[in-house]
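Structure assessment
One-letter residues, chain by chain:
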Amino acid sequence: MESLLTVSFHRPLSPLSVPSTAQLCSSPSAHVLRCKAFKNVERLCSVRLQEQRQNLRLQHVKRSITLNPRHDLKYIVNSASGHSLESEPPKTPWRSVQQAADAFYRFSRPHTVIGTALSIISVSLLAVEKLSDFSPLFFTGVLEAIGAALLMNIYIVGLNQLSDIEIDKVNKPYLPLASGEYSVATGKMIVSSFAILSFWLGWVVGSWPLFWALFISFILGTAYSINVPLLRWKRFAVVAAMCILAVRAVIVQIAFYLHVQMYVYGRPAVLTKPVIFATAFMSFFSVVIALFKDIPDIVGDKIYGIQSFTVRLGQEKVFWICIALLEMAYAVALLVGATSSCIWSKWTIVIGHAVLGSLLWSRAKSIDFKNKASVTSFYMFIWKLFYAEYLLIPLVR
């Protein structure tokens, strides 16, 4: 028995190389002690295999914890094993409120919330024709649209997290569901409540462009994430990109512009040059976001079989495709600005897009693909360019 145990510690074990207990015990010459020894060996194999899988998961998780101060060891341990290395400080009512607010902040994916709010404000301004259009009715209509859209935004990002808990334990262990701060039941309650509130607000407002924007976003956001037959479209790279393009490029630009144009001002539905430009430009940007968001998440996507473009083509190739698409969009924007008959609009659009294009190229040359923090930081830089574009769009004339 000693020799058997010694071998088990000094030689790699494989479940295929260990005879089954039944075989050994059924032999006429088998002894009771030998059977017990092999049972111990089998149990040891099982324990060591589980430890190896756990260590592999921890290695992948640790690689993703470098960018945000919140992404500390506590989230690694919670997401991988359900236990924290840190002793929790005494809880007070104020600390509980802070922790709840911080968890919800991370759950809401704030960069998407900011992008949604900015985009609605920006395209709403495209409907303004004269100074008197800035009326209480305008501001009320914009706030109603932002409120309903943000509720739907949180439903969509929350549903995505509910569907990706195991993947996020590798890619984003700081998210509340992946770290264990939120239970699945809590996540379901939040996303259900926010979807209902979004539709309720859209219905109460009475704007059909707004309601249809919410409904289509709900359908595409659900089909993108939910893991049921024929859905979970995020598994398919082209379909996933089309979902994001439809929401971020088409629905946001056209539906929310029509909300202000038709519902707030009571004017006919006319798509102006700035609206067409915004839709075309954001189509490029939405494709870039759809492609780029998977670059930092390649490890978890590979493990769980998400066939993103990054998994299929590699990080570096997808990265430079994104850069090329954005630089093409900036070049088109320069031409649009240069052909404007409005002098102040011409120079603002030309100079603004030239500066953004230069910043993009300069930053792209310094990326380190081996460093996940560098890749994730660049992804957030893409979102900052996204915000900046919405500051320029209302100036297109």
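Bear in mind the structure is a predicted one, so any value in this text is a computation, not a measurement.

1. Let's talk about the overall build of the chain
Helix and strand content of the chain: 18 helices and zero strands. Looking at the chain as a whole, 48% of its 397 residues qualify as buried. Working note: accessible area of the chain is about 20,100 Å², and carbon and sulfur atoms make up 67% of it.

2. Points about the side chain of S119
Within the element layout of this structure, S119 appears in helix α6 (residues 110-125). At 2.7 Å, the side chain of S119 forms a polar contact with the backbone oxygen of T116. In this view, S119 contacts V252 and Y390; residues no more than four positions away in its chain are not counted.

3. Thoughts on the packing of aromatic side chains
With the rule as written, the count across this model stands at 30 aromatic pairs. Ring centres of F292 and Y379 lie 6.0 Å apart, and the angle between their planes is 10°; this geometry places the pair in the stacked category. Within this pair, whereas F292 is found in helix α13 (residues 273-292), its partner Y379 is found in helix α18 (residues 372-392), the two being separated by 87 residues in sequence. The structure contains a cluster of three or more aromatic residues connected by ring pairs, namely F277, F281, F285, Y330, W383, F386, Y387 and Y390. Between R267 and the ring centre of Y265, over which it is positioned, the NZ or CZ distance is 4.3 Å. Looking at R363, its charged tip hangs above the ring of F381, at a distance of 4.8 Å from the centre.

4. Some points on helix α12 (residues 237-264)
Here α12 contains 28 residues, and its C-alpha end-to-end distance of 38 Å stays within 8% of the 40 Å for a straight helix at 1.5 Å per residue. Of all the bends found along α12, the most pronounced is centred on I251 and spans about 45°. Counted residue by residue, α12 has 20 buried out of 28 residues, so it is predominantly covered. At the C-terminal side of α12, G266 shows a positive phi close to 70°.

5. A closer look at unusual backbone geometry
Within the chain, L230 stands out as a residue other than glycine whose phi angle is a positive 75°. Mapped onto the elements, L230 comes out in the loop between α11 (208-225) and α12. In this structure L230 comes out as exposed when scored by relative accessible area, which is 79%. Not every positive phi belongs to a glycine, and R232 is a case in point at roughly 55°.

6. Describing empty space enclosed by the protein
Enumeration over the complete set of coordinates arrives at one cavity of 30 Å³ or more. For the largest cavity, the calculated volume is near 60 Å³. Contributing to the lining of the largest cavity are K234, A237, A240, A241, I244, A290, L291, K293, D294, S308 and F309. Listed by contribution, the elements that provide at least two residues to the lining of the largest cavity are α12 and α13. Per element, the largest residue contribution to the lining of the largest cavity is four residues, and it comes from α12. In the lining of the largest cavity, the residues fall into seven nonpolar, one polar and three charged.

7. Considering the packing of helix α10 (residues 184-205) against α11
Here α10 crosses α11 at 160°, and the two axes come no closer than 8 Å. Judged by the inter-axis angle, α10 sits roughly antiparallel to α11. Relative to α11, α10 is oriented so that their crossing is left-handed. Across from A195, S198, F199, G202, W203 and V205 in α10, the residues of α11 making contact are W208, L210, F211, L214, F215 and F218. Taken together, the residues that form the contact of α10 with α11 break down as 10 nonpolar, two polar and no charged.

8. Side note on the nonpolar core
Burial of nonpolar side chains together is a common tendency in soluble globular proteins. Of all hydrophobic cores here, the largest spans 92 residues; its most connected members are F256, F285, L360, F378 and I382. The element that contributes the greatest number of residues to this core is α12, accounting for 15 residues.

9. As for the packing of α12 against α18
Where α12 meets α18, the axes come as close as 15 Å, and the angle between the chain directions of the two elements is 25°. Judged by the angle between their axes, α12 and α18 are roughly parallel. Along this stretch, α12 crosses α18, giving a crossing that reads as right-handed. Here α12 contributes R248, V252 and Q253 to the contact with α18, which in turn contributes W383, F386 and Y390. Residue classes in the contact of α12 with α18 are distributed as four nonpolar, one polar and one charged.

10. Side note on α13
Here α13 spans 29 Å end to end across 20 residues, near enough to the 28 Å set by a 1.5 Å rise per residue. By the criterion of burial, α13 is predominantly enclosed, with 15 of the 20 residues buried.

11. With respect to a nonpolar patch on the surface
On the surface, a nonpolar cluster with roughly 660 Å² of combined accessible area is contributed by W203, W208, W212, F215, I216 and I219. Relative to the helices and strands, F215 is located in helix α11.

12. Thoughts on the pattern of salt bridges
Going through the model one piece at a time under the given rule, you end up with 10 salt bridges. Note that R267 is salt-bridged to D133, the shortest N-O span being 3.0 Å. Of the two residues, R267 sits in the loop between α12 and α13 while D133 sits in the loop between α6 and α7 (136-163), which places them 134 residues apart along the sequence. Each member of the pair, R267 together with D133, is buried. The salt bridge involving K293 is made with D294; its shortest N-O contact spans 3.0 Å. Exposure remark for K293: the relative accessible area of 19% places this residue in the buried category. In the salt-bridge network here, residues are joined through shared partners; they are E129, K130, D133 and R267.

Definitions and limits used
Residues numbered from 1 in each chain as written. Predicted model: local features only at pLDDT ≥ 70, side-chain atom pairs only at ≥ 80, totals over all residues. Heavy atoms only, no water. Helix = DSSP H or I, 4+ residues; strand = E, 2+ residues; numbered from the N terminus. Buried < 20%, exposed > 50% of the residue type's maximum accessible area, 1.4 Å probe, protein only. Areas by Shrake-Rupley, 256 points an atom, 1.4 Å probe, with all protein chains shown as cover. Polar contact = N/O pair within 3.5 Å; in protein donor to acceptor, adjacent residues only side chain to side chain. Contact = heavy atoms within 4.5 Å. Phe/Tyr/Trp six-rings, centres within 6.5 Å; stacked < 30°, edge-to-face > 60°. Lys NZ or Arg CZ within 6 Å of the ring centre and 35° of its normal. Expected span 1.5 Å × (residues − 1). Bend = angle between axes of the 7 residues up to and from the residue. 1 Å grid on protein atoms, 1.4 Å probe; cavity = no way out; pocket = protein on both sides within 12 Å on 5 of 7 lines; lining within 4 Å. Points joined across faces, edges and corners; volume = space filled by probe spheres on them. Nonpolar A, V, L, I, M, F, W, Y, C, P; charged D, E, K, R; others polar. Axes fitted to C-alpha atoms, helices over the stretch in contact; angles between N-to-C directions. Parallel < 35°, antiparallel > 145°, perpendicular 65-115°, else oblique. Left-handed = near helix turned anticlockwise from the far one by under 90°. Core = buried A, V, L, I, M, F, W, Y, C linked by side-chain atoms within 4.5 Å. Patch = residues over 30% accessible without salt bridge, like charges linked within 9 Å, V, L, I, M, F, W, Y side chains within 5 Å. Salt bridge = Lys/Arg side-chain N within 4 Å of Asp/Glu carboxyl O.

Just geometry here; none of it tells us what the structure is for.
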